[in-house]
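Residues per chain, in single letters:
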Amino acid sequence: MTEGIDHRLRGRWAPHGAHQDKLPARSLRWLSTRIGASEVASPGTEGEPGEPSPTTLPTAAQADLTEILGHERLTTDPAARLGRAGGLSYLDLLHQRGFGELAVPDAIALPSDAEQVQRVLECCVRHDIAVVPFGGGTSVVGGVSALRGGKAAVLALDLVGLDQLHSVDPVSRLAVFGAGTRALAAERMLRAHGLTLGHVPQSAERASIGGFAATRSAGQASSGYGRFEDMVAGLRLATPRGPWRLGVAPASAAGPDLRALALGSEGTLGVLTEVTLRVRPLPTVERYEGFVLDGWTRGQEAVRALAQAGCLAEVTRLSDSDETNVSFALRGGMRTAALRGYLRARGVREPNLLVLGWHAGSRAELARRRAVTLGVLRRFRPVRLGTAAGEAWRRGRFGGPRQRDVLLDAGVCVETLETAGFWSGLDRLRDAVRTALRTELTGHGRAPLIMCHISHAYETGASLYFTVLVPRAHGDELGQWQRAKAAACAAIAGWSDPDVGEPLGTITHHHAVGTDHAPYLEAEIGALGVDVLRQLKHTLDPTGILNPGKLLPDA
Ligand SMILES: Cc1cc2nc3c(=O)[nH]c(=O)nc-3n(C[C@H](O)[C@H](O)[C@H](O)COP(=O)(O)OP(=O)(O)OC[C@H]3O[C@@H](n4cnc5c(N)ncnc54)[C@H](O)[C@@H]3O)c2cc1C
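What counts, and where the lines are drawn
- Numbering of residues begins from 1 in every chain and follows the order in which that chain's sequence is written.
- For a predicted model such as this one, the threshold for reporting local features is a pLDDT of at least 70, and the threshold for listing and counting side-chain atom pairs is 80 or more; totals across whole chains, interfaces and linings nevertheless cover every residue.
- UniProt positions are given in the numbering used here, feature names are shortened, and annotations may be inferred rather than shown by experiment.
- Helix and strand definitions follow DSSP, with helices as H or I runs of at least four residues and strands as E runs of at least two, each counted in order from the N terminus.
- Think of it as a crowd count around each C-beta: if 20 or more other C-beta atoms lie within 10 Å the residue is buried, if 12 or fewer it is exposed, and in between it is partly exposed, with C-beta placed from the backbone throughout.
- The contact criterion used here is simple: two residues whose C-beta atoms, placed from the backbone, lie within 7 Å are in contact.
- The C-beta atom of each residue is placed using the backbone, and any residue whose C-beta lies within 6 Å of a molecule or strand is treated as near it.
- Note on residue categories: nonpolar means Ala, Val, Leu, Ile, Met, Phe, Trp, Tyr, Cys or Pro, charged means Asp, Glu, Lys or Arg, and polar means any other residue, Gly included.
- Across the chain, each position has a pLDDT score giving the predictor's confidence in that residue, from 0 to 100.
- Strands are treated as partners if at least two bridges between them are detected by DSSP.
- Note on geometry: axes are C-alpha line fits, over the in-contact stretch for helices, and angles between N-to-C directions span 0 to 180 degrees.
- In this scheme, a helix's expected span is set at 1.5 Å multiplied by one less than its residue total.
- To sort the angles, those under 35 degrees are grouped as roughly parallel, those over 145 as roughly antiparallel, those from 65 to 115 as roughly perpendicular, and the leftovers as oblique.
- Left-handed is the label given to a crossing in which the near helix is rotated counterclockwise from the far helix by less than a right angle, and right-handed is the label when the rotation is clockwise.
- For this entry, the nonpolar core is defined as buried Ala, Val, Leu, Ile, Met, Phe, Trp, Tyr and Cys residues connected by C-beta atoms within 7 Å.

Per an unreviewed UniProt entry, the recorded name for the chain is Alkyldihydroxyacetonephosphate synthase, and the organism is Tamaricihabitans halophyticus. Regarding the chain, the UniProt comment filed under Sequence similarities (unreviewed entry) reads as follows: "Belongs to the FAD-binding oxidoreductase/transferase type 4 family." Heading Cofactor (unreviewed entry) of the UniProt record for the chain holds this comment: "FAD".

Visitor: Could you clarify how one ought to interpret the overall build of the chain in this entry?
Guide: Counting its regular elements, the chain contains 19 helices and 18 strands. In terms of its C-alpha atoms, the chain occupies a principal-axis envelope of roughly 75 × 60 × 50 Å. Buried residues in the chain amount to 49% of all 555 residues. Contacts in the chain between residues at least 24 apart in sequence constitute 76% of all its contacts with a sequence separation of at least 6.

Visitor: Could you clarify how one ought to interpret the site of the ligand in this entry?
Guide: Surrounding the ligand, one finds 40 residues, the nearest of these being Gly135, Gly136, Gly210, Gly211 and Gly267. For the shell around the ligand, the secondary structure elements donating two or more residues are strand S3 (130–134), helix H7 (209–215) and strand S10 (271–278). At 5 residues, H7 tops the list of elements feeding residues into the shell around the ligand. Classifying every residue of the shell around the ligand by side-chain character gives 17 nonpolar, 20 polar and 3 charged.

Visitor: Help me out: how do you make sense of the confidence of the model for the chain in this one?
Guide: Close reading of the predicted structure is inappropriate where its pLDDT is low. Across the chain, pLDDT averages 92, with 94% of residues at or above 70. Two summary scores accompany this predicted model of the complex, namely pTM at 0.95 and ipTM at 0.99.

Visitor: How should I be thinking about the sheet that holds S10 in this particular structure?
Guide: Within a beta sheet, neighbouring strands are joined by backbone hydrogen bonds and run either parallel or antiparallel to one another. Ordered by their spatial adjacency, 5 strands build an open sheet running S5-S6-S10-S8-S9, and the pairing between neighbours is antiparallel. Every other strand in the sheet has two partners, leaving strand S5 (165–169) and strand S9 (242–246) as the edge strands with one partner each. Taking the axes of each pair of neighbouring strands and ignoring which way they run, one obtains an average angle of 10° across the sheet. Pairing analysis gives 5 bridges linking strand S8 (residues 232–239) to S9, with the strands arranged antiparallel. Residue alanine 238 lies in a different strand from S9, and its bridge partner there is proline 243.

Visitor: When you look at the sheet that holds strand S13 (residues 315–319) in this model, what are you seeing that I'm missing?
Guide: An order of S15-S12-S14-S13-S17-S18-S16 is seen for the 7 strands of this open sheet, with the pairing classed as antiparallel. The sheet is open, and its two edges are formed by strand S15 (383–386) and strand S16 (412–422), each paired on a single side. Taking the axes of each pair of neighbouring strands and ignoring which way they run, one obtains an average angle of 20° across the sheet. Bridging between S13 and strand S17 (residues 449–454) involves 2 bridges; their strand directions are antiparallel. Counterpart to serine 319 in the pairing with S17 is histidine 453. Running over the sheet, helix H14 (residues 363–377) touches strand S12 (285–294) and strand S14 (351–360) and is turned about 155° from S14. Each of S16 and strand S18 (461–471) touches helix H16 (residues 400–409); the most contacted strand, S16, lies at about 135° to it.

Visitor: Teacher, can you tell me more about the environment of proline 283 here?
Guide: Mapping proline 283 onto the fold places it in the loop between strand S11 (280–281) and S12. Looking at proline 283, the number of C-beta atoms within 10 Å reads 17, which means it is partly exposed. Here the alpha-carbon distance between proline 283 and glutamate 301, two residues 18 residues apart in the chain, equals 29 Å. Setting aside its immediate chain neighbours within four residues, proline 283 contacts His359, Ala360 and Gly361.

Visitor: Is there a simple way to think about the UniProt feature "site: Important for enzyme activity" (unreviewed entry) in the chain in this case?
Guide: Residues annotated in UniProt with the feature "site: Important for enzyme activity" (unreviewed entry) correspond here to Arg317. Overall, arginine 317 belongs to the buried group, with 25 C-beta atoms counted inside 10 Å. Discounting residues that sit within four places of it in the chain, arginine 317 has contacts with Val355, His453, Ile454 and Ser455.

Visitor: What is the right way to look at unusual backbone geometry in this model?
Guide: Peptide bonds are trans in most cases, and residues, glycine excluded, mostly fall at negative phi. Here the phi dihedral of glutamate 266 falls at roughly 55°; this positive angle occurs in a residue that is not glycine. Tracing the sequence through the fold places glutamate 266 in the loop between helix H10 (259–262) and S10. In this structure, leucine 551 is a non-glycine residue whose phi angle is positive, near 65°.

Visitor: How should helix H11 (residues 296–308) be read in this particular structure?
Guide: Along an α-helix, residues three or four apart share an orientation, since each turn contains 3.6 residues. Between its first and last C-alpha, H11 extends 18 Å over 13 residues, near the 18 Å set by a 1.5 Å rise per residue. For H11, the complete set of buried residues consists of Trp296, Gly299, Gln300, Ala302, Val303, Arg304, Leu306 and Ala307. One or two positions beyond H11, positive phi appears at glycine 310, with a value near 70°.

Visitor: Teacher, can you tell me more about the UniProt feature "domain: FAD-binding PCMH-type" (unreviewed entry) in the chain here?
Guide: The feature "domain: FAD-binding PCMH-type" (unreviewed entry), as annotated in UniProt, sits at residues 101–282 in this numbering. For residues 101–282, the end-to-end C-alpha separation is 46 Å, with 23% helix and 26% strand making up the annotated structure.

Visitor: Which parts of the structure should I look at to understand the environment of alanine 103?
Guide: Within the secondary structure, alanine 103 is located in the loop between helix H4 (90–96) and strand S2 (107–109). Judged by the 16 C-beta atoms lying within 10 Å of it, alanine 103 falls in the partly exposed class.

Visitor: Help me understand the packing of helix H17 (residues 426–441) against helix H18 (residues 477–493) in this model?
Guide: What describes two packed helices is the angle between their axes and the distance between those same axes. Where H17 meets H18, the closest approach of the two axes is 8 Å, and the angle between their N-to-C directions is 155°. Looking at the two axes, H17 sits roughly antiparallel to H18. H17 and H18 meet at a crossing whose hand is right-handed. Where H17 abuts H18, its residues Ala432, Val433, Ala436, Leu437, Thr439, Glu440 and Leu441 lie against Arg483, Ala484, Ala487, Ala488, Ala490, Ala491 and Ile492. For the contact of H17 with H18, a count of residues per class yields 11 nonpolar, 1 polar and 2 charged.

Visitor: Looking at this structure, how should I read the nonpolar core?
Guide: Soluble globular proteins tend to bury their nonpolar side chains together. Of all hydrophobic cores here, the largest spans 143 residues; its most connected members are Ala109, Val131, Leu155, Leu157, Ala213 and Ala488. Broken down by element, this core gets its largest block of residues, 8 residues, from H18. The contacts of valine 131, once residues within four sequence positions are left out, are Leu121, Cys124, Leu155, Leu157, Ile545 and Leu546.

Visitor: Explain the pairing of S17 to me, please; I cannot follow it from the model alone.
Guide: Working note: regular strand, side chains alternate between the two faces of the sheet. Of all the 6 residues making up S17, 5 are buried; the element is thus mostly covered by neighbouring parts of the structure. Sheet analysis places S17 next to S18, joined by 5 bridges and oriented antiparallel. When the bridges of S18 are listed, cysteine 452 appears paired with phenylalanine 466. Hairpin remark: S17 followed by S18, antiparallel, with 6 residues in the connecting loop.

The structure is reproduced here in structure tokens:
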């Protein structure tokens, strides 16, 4: 029923992928010295979450839900409930390791089709039970926290059973998926038709099509294939007011695009049951290549030039020198030492690694596009590292979450956050976030490592993705990151500098709002914008059962 994913073991990324958990001892030693950690390697008082409180699902509701789903597809088993208690943010993982209070759903519903989803919602309206739509559970912003919103009980509505490819229309290049389909499963199904979606976030092993649509996700190849919302041609939702279908043509002037209301609605307006996606022919040739540019400013200028010349590779990813140096250090060995020497000899003082990955329909197309890209890059004097560096990145692209588990085991606070801004303000945004994080996390012998990369570029601006590593503050594990994240969010929202007065960037480029970013939404969309969302929610979900506390903090 769970497609090989053991939902009882949420504290770790993929129990069956344990062999990829490698982070050599010498790398850990290097890291601990770098971040000032006598504490690293001592995880402190870590444990397991306690047994959850007994379910408060009313007996009458349980009987009605069982009638809809059958005994097999409704469970109040404590392990299954713990398995859907939150997502995969650093704070979620700390909760799973026994720090602080863990909000646990009272029951799990596992519907097998859209009709069952609709009936479950109507039943929850009748019994006034909160519902948390649950895709892959990879939210890193509190999107699947089991909050009750004042209701007597909360149900996690796991969509894993809606995992089918319903139809493929190769003529129109469309495919219709059940919302619970996992990304890699969707790719496998499309491959059989010679097609691809091209949406590959780092969470692809677990995350679902419905989750991507509900959060407006962006994958690692978004510079070529687009953001997930660009891929959505149509949607079906179950709502407390009844089913809703959106999207009947490739383009339309029939009033505002209501699909955009469902995209990014984070389970607060309805439950996505089916998603119609624009698909592309499978590329026949791919090439990943690494380049080094000297300094962040030059690297950023190069990516802007590529974006504005309309010649971004599908994967375009620029790491700052902190991230580049860490990736060199973790690799270690003679080759890396030789590479450092070579870069110094070429006059590179601050290596910023640029990875470009092209997906093309033919060798000729690849050669043509690559030549244009290299032509644009030339004036930024890149040092070419060839395909070995590009392939090294590609091989390691899914390793992050596994290495995070290893670092957590070693007592490191490791978390990411992201934003986006226009090119002209990107330096200011990056500086503000880095300063906020550094100020909050430095002290007591700790020297946080704050790395940044651009992995989604547009004509007008780019995303900034920060990865933070710092020794965990024993006794203040949750507070340490909560304060740092709040400071970074305040900087993005433009609150930390009285001269700014408006947001420096968006509070989230692709992780969504969830609970964590909800306090900052108004700074971005205004009080009127929040009111529009509130009214919309009231129309679709009048009794407020859907995903309480997400997107709108008070809904
Ligand atoms: C290690 C790691 C790497 C990540 N990398 C990326 C990345 O590269 N790019 C990126 O965009 N994100 C990334 N994320 C974040 C996360 O994977 C995305 O937000 C993803 O879109 C969530 O999909 P999911 O199926 O896991 O949704 P969930 O976590 O289950 O849910 C996310 C939100 O959507 C709602 N929801 C889920 N399914 C439905 C549905 N069918 N109908 C209505 N609402 C629904 C939930 O209620 C919740 O509010 C990463 C997360 C982790 C842990």
